[in-house]
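Coordinate inspection notes
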Amino acid sequence: MTDDSVPDLRASDADRERVAEILRDALAEGRLDMAEFEERLDATYQARTYGELAPITRDLPAAGVTAPSVSLTKEPAAGSDGRDWSGRIVGGEGSSTWAAAVMSGFQRKGHWTMPRRFTCFALCGGGEIDLREASFADREVEINAIAIMGGVDVIVPPGVEVVVRGIGIMGGFDHQEEGVPGAPGAPRVIITGFAFWGGVGVQRKLTRAEKQRLREERRRQLD
């Protein structure tokens, strides 16, 4: 078999997952924005050959490698998204299991433990559930959000899988982060509930510390 025939070889599921892992790393490092990440991830799972996979990460460094191309050899998949997810699945009951905002607001953010099920209620008010620095009581947790003429915002870090099952009547649940595969070992967040003249939003963000670290790394690379 000649080298020219390699791009025509059929890609396996493991090959596609290796490329998806590189894309997740690039998202976490700020090399791709969310729109670029989703577009390339769709192309990855639709690819059938090595030749279709290679261009997707041609301008991105592979994990631990400086070469800006996808290897066409069957090497073990490298790393995860750089986070120690195993250290953030802590068990227990969680720091807080409910919150309410009636013509007011609530926040759960910083270093706290997300329980297996968190219930929140917003009536003519708003709430924020920030999981970027949180620990998790289990690998799969649920946020049950009820928003009536109010809103609840859920913020998750890159790597976390999001599943949205809420129902909206003259309101809605944000599905834009649904369908992004989770990183190995990362938790899965299921968002359920009900929105009436209100909404439940989902955003995927890095922490300020992570953004600053990535800026400093890029600055050092340019020096």
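Residues numbered from 1 in each chain as written. Predicted model: local features only at pLDDT ≥ 70, side-chain atom pairs only at ≥ 80, totals over all residues. Heavy atoms only, no water.

To continue, consider the sheet that holds strand β13 (residues 199–204). Read from one edge of the open sheet, 5 strands run β2-β5-β8-β13-β11, paired in parallel fashion. Strands at the two margins of the open sheet, each flanked by one partner only, are β2 (105–108) and β11 (172–173). (Pairing = 2+ DSSP bridges. Helix = DSSP H or I, 4+ residues; strand = E, 2+ residues; numbered from the N terminus.)

This part is about the environment of Val 162. Mapped onto the elements of the fold, Val 162 is located in strand β9 (residues 161–164). Judged by its relative accessible area of 1%, Val 162 falls in the buried class. (Buried < 20%, exposed > 50% of the residue type's maximum accessible area, 1.4 Å probe, protein only.)

A word on the environment of Thr 44. Among the secondary structure elements, Thr 44 is positioned in helix α2 (residues 34–46). If near-sequence neighbours (up to four positions away) are discounted, Thr 44 is found in contact with Arg 16, Val 19, Ala 20, Leu 23, Leu 53 and Ile 56. (Contact = heavy atoms within 4.5 Å.)

Parts of the model with low pLDDT should not have their predicted coordinates read in detail. This prediction gives the protein a mean pLDDT of 85; 87% of its residues lie at or above 70. Scored below 50 in pLDDT, residues 1–6 makes 3 contacts in the model with residues more than four places away or belonging to other chains. A low-confidence stretch, residues 64–80 stays under pLDDT 50, and its non-local contacts, those more than four residues away or across chains, total 28 contacts. (pLDDT = per-residue confidence, 0-100.)

Glancing now at a nonpolar patch on the surface. On the surface, a cluster of nonpolar side chains totalling about 540 Å² of accessible area is made up of Met 149, Ile 167, Ile 169, Met 170 and Trp 197. Relative to the elements of secondary structure, Met 170 occurs in the loop between β10 (167–169) and β11. (Patch = residues over 30% accessible without salt bridge, like charges linked within 9 Å, V, L, I, M, F, W, Y side chains within 5 Å. Areas by Shrake-Rupley, 256 points an atom, 1.4 Å probe, with all protein chains shown as cover. Salt bridge = Lys/Arg side-chain N within 4 Å of Asp/Glu carboxyl O.)

Turning our eyes to something else, we now look at the packing of aromatic side chains. Taken as a whole and assessed by the stated rule, the structure comprises 2 aromatic pairs. With 5.9 Å between their ring centres and 70° between their planes, Trp 112 and Phe 118 make a pair best called edge-to-face. Take Trp 112: its relative accessible area is 7%, and that puts it in the buried class. A centroid spacing of 5.5 Å and a plane angle of 5° characterise the contact between Phe 196 and Trp 197, whose relative ring orientation is stacked. (Phe/Tyr/Trp six-rings, centres within 6.5 Å; stacked < 30°, edge-to-face > 60°.)

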